[in-house]
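Reading the structure
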Amino acid sequence: MNEIKTVLIVGSGIGGATAAYALRRIGVDVHCIDIKTETPLVGSGICLLHNALRAMGTLSLAEQCLDSGYRFDAFRQFDAAGHLLCSNSAPPSCGIRRPELARIVETAAAGAGAIFDRGVTVDRLVNRPEGVDVYFSNGRQATYDLVVAADGVYSPIRQQIFGGHYNPAFAGQSVWRFNTVRPVEVDGFCLFRTQTGKTVGSFPTGQNSCYIFYSENSKDPLRIPESEAHLMIRERLLEFTAPALVASLEQVTKPRQVIFRPLDITLVPAPWHRERVVLLGDAAHAPTPHMTSGGGMAIEDAVVLAECITSTQSANAALELYSNRRFERCKIIYGASLQLCRNEQQDPIGNRENSAALLLKTYQYLGETA
Ligand SMILES: Cc1cc2nc3c(=O)[nH]c(=O)nc-3n(C[C@H](O)[C@H](O)[C@H](O)COP(=O)(O)OP(=O)(O)OC[C@H]3O[C@@H](n4cnc5c(N)ncnc54)[C@H](O)[C@@H]3O)c2cc1C
């Protein structure tokens, strides 16, 4: 048995909740906290690519995702009026609403005995070679064999343990997103392209629902008045006359339906641990979303971390193995995602073929085991 028997996971997002389940399955005591008081009930969609589904399959959760979401295997490109330009086959993927994914993973982890505490964070931790003393915001104190920082791209734990070297940087794009009723045309990963270089993407998240996103370039991060987001997205997408998009936009009537977010990215070099604190998911590697892979990478991290802990006796050896197995793969996805993002900024029309080829090639790479 490995030295790691008790784990605190900070952050119960996709990566943290999946790690909670993967670690419970190998018999580790898991305590998972999140600063948010509730699991978000609203939220956009997420695409679980074939590698993410494979990782979910090792936890026996893939079928539940597919039942709740929508399975697709096509990559289609349309013009702004909705005429099909080309269609490629893509690896089997699943679009799903984020709250639904969170429900599936958290229910599995809690059912397996993971303890979830919400509205709690870490005030201070003392990281020692044989364990971590944690002082919580609710006044409690406890010691764990390992702390997993799954607290996202802005990770306060990373900041505390690794310093500010890996603070996220703005990638030159922001994303507008909303959920809507699925038009029949949206039966795969779909991109609608204008002749002026704008692209809107969409994929199904259920039989009757889909998710629409639009990326906007800017030198500095944009600041959007939240109350006007629904009007601003309509203005931006006026050039798109595809009936599927027009009908979808008509359903956007309230500002809170639209989620707007500047893309901040980071990649921490291996190793991802110091003593007994280890990074997982966006805290270690937050790519731009162009490969729809950040969440899938976090899920793979969780599965691999559990495998590394079962396959070695020493905590340090397990954590070294974890970074060694994960770093190059996450770097490749981070690099491909950033290249796609830059292609859209530098020459969105001239780069379209290159970008589609890079996307398909990287899908293939993702098919290789983690
Ligand atoms: C526009 C966009 C589209 C995307 N689309 C896809 C996609 O289609 N497919 C895909 O695979 N990925 C996608 N991603 C990436 C994906 O969302 C992330 O990679 C994924 O959410 C990372 O999971 P995580 O658990 O590491 O972090 P998060 O999901 O960010 O979770 C971090 C958790 O930590 C908690 N937390 C933060 N600070 C603290 C603290 N101090 N104390 C306690 N808890 C804390 C937060 O409340 C949160 O619950 C997309 C990203 C963006 C921005």
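Heads up: the structure comes first, above all this text.
What this report covers is the structure whose coordinates are included nearby. (Residues numbered from 1 in each chain as written. Predicted model: local features only at pLDDT ≥ 70, side-chain atom pairs only at ≥ 80, totals over all residues. Heavy atoms only, no water.)

Focus: the environment of Asn 343
Selection rule: Only DSSP runs of H or I reaching four residues or more are called helices, and only runs of E reaching two or more are called strands; each is numbered from the N terminus. Every residue pair with non-hydrogen atoms within 4.5 Å of one another is taken to be in contact.
Secondary-structure assignment places Asn 343 in helix 9 (residues 315-346). When the C-alpha positions of Asn 343 and Asn 354 are compared, they lie 8.5 Å apart, and in sequence the two are 11 residues distant. Those residues in contact with Asn 343, other than ones at most four positions away along the chain, are Pro 348, Asn 351 and Ser 355.

Considering unusual backbone geometry
In this model, Ala 270 is joined to Pro 271 through a cis peptide bond whose omega is 0 degrees. Note that Pro 271 resides in the loop between strand 15 (259-267) and strand 16 (273-274). You will see that Thr 292, though not glycine, has its phi angle at about 40 degrees, which is positive. Inspection of the secondary structure puts Thr 292 in the loop between strand 18 (285-286) and helix 8 (294-311).

Points about the nonpolar core
Convention followed: Only buried residues count toward a nonpolar core. Its members are Ala, Val, Leu, Ile, Met, Phe, Trp, Tyr and Cys residues joined through side-chain atoms within 4.5 Å. The classification of residues rests on relative accessible area computed with a 1.4 Å probe and restricted to protein chains. Under 20% of the type maximum is buried, over 50% is exposed, and intermediate values are partly exposed.
By size, the foremost hydrophobic cluster in this structure holds 99 residues, and its most contacted members are Leu 8, Ile 9, Leu 48, Val 134 and Val 148. Of all the elements, helix 9 adds the most residues to this core, at 12 residues. The residues touching Leu 8, leaving out its near neighbours within four places in the chain, are His 31, Ile 33, Val 122, Val 134, Phe 136, Tyr 144, Leu 146, Val 147 and Val 148. Counting residues in hydrophobic clusters, the runner-up holds 23 residues, among them Trp 176, Ile 224, Leu 245 and Val 258.

Some details on the sheet that holds strand 8 (residues 131-136)
Our working definition: Any two strands between which DSSP finds at least two bridges are classified as paired. The convention used is that axes are lines fitted to C-alpha atoms, helices contributing only their stretch in contact, and that angles between N-to-C directions extend from 0 to 180 degrees.
Pairing is antiparallel across the open sheet formed by 3 strands, whose spatial order is 7-8-9. In the strand order of this sheet, the two ends are held by strand 7 (122-128) and strand 9 (141-144), each with one partner. Each adjacent strand pair in this sheet contributes to an overall mean axis angle of 20 degrees, direction not counted. Pairing of strand 7 with strand 8 involves 6 bridges; the strand directions are antiparallel. What sits directly across from Asn 127, in strand 8, is Val 132.

Overview of helix 9
The condition is simple: One fewer than the residue count of a helix, multiplied by 1.5 Å, yields its expected span. Across the chain, bend at a residue is computed as the angle between axes fitted to the seven residues ending at that point and the seven starting from it. Here a polar contact means two N or O atoms within 3.5 Å. Within protein one must be a hydrogen donor candidate and the other an acceptor candidate, and residues neighboring in sequence count only if both atoms are side-chain atoms.
Taking 1.5 Å per residue, 32 residues should reach 46 Å; helix 9 reaches 45 Å between its end C-alpha atoms and fits that length. Along its length, helix 9 reaches its greatest deviation from straightness, about 30 degrees, at Phe 327. The N-terminus of helix 9 is capped by Ser 314, whose side-chain oxygen sits 3.3 Å from the backbone nitrogen of Asn 316.

Quick word on the site of the ligand
Put simply, the test is: Nearness of a residue to a molecule or strand requires only that one of the residue's heavy atoms be within 4 Å of it. Computed by Shrake-Rupley with a 1.4 Å probe, the accessible areas treat only the displayed protein chains as cover when residues are assessed.
Residues in contact with the ligand amount to 31 residues; listed here are only the nearest, Gly 15, Asp 34, Arg 98, Thr 121 and Asp 282. In the environment of the ligand, an oxygen atom lies 2.9 Å from a nitrogen or oxygen atom belonging to the backbone of Cys 47. Here a nitrogen atom of the ligand and a side-chain polar atom of Thr 121 are 2.8 Å apart. Against a free-state accessible area of 1,000 Å², the protein chains account for coverage of 87% of the ligand. At the level of secondary structure, the elements contributing two or more residues to the shell around the ligand comprise helix 1 (14-25), strand 3 (45-48), strand 11 (169-181), strand 15 and helix 8.

So, the packing of aromatic side chains
Going by this rule: Two rings from Phe, Tyr or Trp (for Trp, the six-membered ring) form a pair when their centres are within 6.5 Å of each other. A pair whose planes differ by under 30 degrees is stacked, one over 60 is edge-to-face, and the rest are tilted.
By the definition in use, this model includes 13 aromatic pairs. Look at Phe 78 and Phe 192: their rings are 4.7 Å apart centre to centre, the planes differ by 15 degrees, and that puts the pair in the stacked class. Here Phe 78 is found in strand 4 (residues 70-79), whereas its partner Phe 192 is found in strand 12 (residues 189-193), with 114 residues between them in sequence. On the accessibility criterion, Phe 78 (6% relative accessible area) is buried. Consider the rings of Phe 162 and Tyr 166, whose centres lie 6.4 Å apart with planes at 70 degrees: the pair is edge-to-face. Note on Phe 162: relative accessible area 6%, which makes it buried. Connected via pairs of aromatic rings, a cluster forms that spans Phe 72, Phe 75, Phe 189, Phe 203, Tyr 211 and Phe 213.

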